[in-house]
Amino acid sequence: MSIQNEYLQNLMATVEKRNPNDKQFLITVRSVLESIEPVVEAHPEYVKMGVLEMFVEPERVIKFRVPWVDDKGEVHVNRGYRVQSNSAIGPYKGGLRLHPSVTEDTVKFLAFEQTLKNSLTGLPIGGGKGGSDFDPKGKSDMEVMRFCQSFMSELYRHIGPDCDVPAGDIGVGAREIGYLYGEYKRLTGQYCGVLTGKGLTYGGSLARKEATGYGLCYFTEEMLNCAGKSFKGQTVVVSGSGNVAMYACEKATQLGAKVVAMSDSNGYVYDPNGIDLDAVKLIKEVRRGRIREYVADHPAAEYHEGCSGIWTIKCDIALPCATQNEINLESARALIANGCFCVSEGANMPSTMEAIDAFIEAGLLFGPAKAANAGGVATSALEMSQNSMRYSWTFEEVDAKLKQIMVGIYHNVADAASTYGFANNFEKGANIAGFLKVAEAMLAQGVC
Ligand code: NDP
Ligand code: 2IT
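Q: Would you explain the overall build of the protein in this entry?
A: Secondary structure assignment for the protein yields 17 helices and 12 strands. For the protein, the spread of C-alpha atoms along the three principal axes comes to 65 × 55 × 45 Å. Residue burial in the protein is summarised as follows: out of 448 residues, 58% are buried. When contacts within the protein are restricted to residue pairs at least 6 apart in sequence, long-range pairs at least 24 apart make up 71% of them. Surface summary for the protein: the accessible area is close to 17,700 Å², and the carbon and sulfur share equals 50%. Distance between charge centres in the protein, computed from 44 positive and 53 negative side chains, equals 4 Å.

Next comes the structure, spelled out in structure tokens:
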């Protein structure tokens, strides 16, 4: 597939010229422009008012130095980013990623995706993303704290509860959010909902920790139900063993599936008896250890070095929950050949475009990231609502709202796909449904 519409071809050429080094951003923009071709053709007013030109250009890209001192007294300097992509439907909203691979390209593509994802939640949140090339692995709590304080000492002037509300992503969990929040409060003197994913003792929402993984399974269960299937009795492979992966494993198991594999960036474990999630939580959440430690007290389990081998395990449903581009065409073919009938994305863009095309061509049920993993940010928006009300809902209340949102997203995406002639192509449906709301809001607000 390629872009056919001449206006969109020219727009893509401009984006390429302006962002020559942002490979992942360009792949993402191209795929979205391809999907929304029929929408643009049906809405000449979007073209007339420059909606597309504005949409592909982030409102603001903030880049800054993050100096910090390690436990030995040595100085390190990392690079921090916040990309505020689009505020048409609400304050910028999106996570912060701490990983050595983070570049401006990473944050730009994630912020662009986030705009469409946040639109799909139906809640009033715009799109943003941030992060740094700091590697939290192997750092002491004090080092992580000093880094977070330094990062916030610049970021605080760009964010606020009605302006931009960051949250967690890879490498940013409860510990990091706590240090970031403390520093924001100290610098501004404000006790407000400026971050989500906060601890339950200082304004966090019940069920936010579980929300992305649970939401992924609620979306996937609805997609399966509508195809006459369910999680019950299915064999599932989950990649990653972080926040999203753990709670995807938990909910898939509660829905009657058997999760047989999980991974980290070194390798994967295969347990034919079903993954013992308590053991994974102990290793990853408490000890901050490696997934290979799992086999020490699970004699039936095997550990394999390397990440891509996990997709050669025979399974019915695959839930990639680690990182972008973890399923390439070769892995996609292995999944299809082994009879996998559903792939639903917990991570952001875990499947390459070639892999997605292969899944859709082979008739698999494919849940695209921006729809399937929107439960995390949706629950972040529910945390913002609770903070504004100075009130807390119960776990059951938040979980019920999350489920309703995820079921709603599935139907919105499926309907948009059918309406625009792409029935059952939820990748295109998600791009179209997400874009339509953002475009209407941008149109209403004029050239700005
Ligand atoms: P965590 O940091 O909690 O976990 C990340 C997991 O993925 C770890 O198991 C990690 O292994 C693995 N991983 C990270 N980078 C790589 C890599 N380059 N290659 C292989 N494995 C890797 O992050 P989250 O669970 O929060 O995020 C996972 C994915 O879900 C990301 O794509 C994120 O953007 C997305 N997401 C997260 C949401 C959230 O609410 N947290 C919401 C929606 C999407 P290791 O421990 O070895 O680093
Ligand atoms: O990719 C994502 O949606 C997230 N990392 C969660 C963002 C948020 O603001 O909760």
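Moving on from the model shown.
Q: What's the story with helix 17 (residues 426-445) in this structure? I'm lost.
A: The α-helix winds at 3.6 residues per turn, so residues separated by three or four positions along the chain end up facing the same way. Taking 1.5 Å of rise per residue, the 20 residues of helix 17 would be expected to cover 28 Å, and the 29 Å separating its terminal C-alpha atoms lies within 8% of that figure. Within helix 17, 14 of the 20 residues are buried, which leaves the element mostly enclosed by the surrounding structure. The backbone nitrogen of Glu427 lies 3.3 Å from a side-chain oxygen of the residue at the head of helix 17, namely Asn425. Downstream of helix 17 by one or two residues, Gly446 has phi in the positive range, about 75°.

Q: What is the right way to look at the site of ligand 1 in this model?
A: The immediate surroundings of ligand 1 are formed by 27 residues, with Asp169, Thr212, Ser265, Arg290 and Asn348 found nearest. Residue Asp169 places a side-chain N or O atom 2.6 Å away from an oxygen atom belonging to ligand 1. Here an oxygen atom of ligand 1 and a side-chain polar atom of Thr212 are 2.8 Å apart. Within the complex, 85% of the 890 Å² of free accessible area of ligand 1 lies under protein. When residues of the shell around ligand 1 are traced back to their parent elements, those giving at least two are helix 9 (208-226) and helix 10 (243-254). Considered class by class, the residues forming the shell around ligand 1 number six nonpolar, 13 polar and eight charged.

Rules of the game
- Residues numbered from 1 in each chain as written.
- Chains lettered and ligands numbered in written order.
- Predicted model: local features only at pLDDT ≥ 70, side-chain atom pairs only at ≥ 80, totals over all residues.
- Heavy atoms only, no water.
- Helix = DSSP H or I, 4+ residues; strand = E, 2+ residues; numbered from the N terminus.
- Buried < 20%, exposed > 50% of the residue type's maximum accessible area, 1.4 Å probe, protein only.
- Contact = heavy atoms within 4.5 Å.
- Areas by Shrake-Rupley, 256 points an atom, 1.4 Å probe, with all protein chains shown as cover.
- Lys, Arg positive; Asp, Glu negative; His and termini not counted.
- Charge placed at Lys NZ, Arg CZ, Asp CG, Glu CD.
- Expected span 1.5 Å × (residues − 1).
- Polar contact = N/O pair within 3.5 Å; in protein donor to acceptor, adjacent residues only side chain to side chain.
- Near = heavy atom within 4 Å.
- Nonpolar A, V, L, I, M, F, W, Y, C, P; charged D, E, K, R; others polar.

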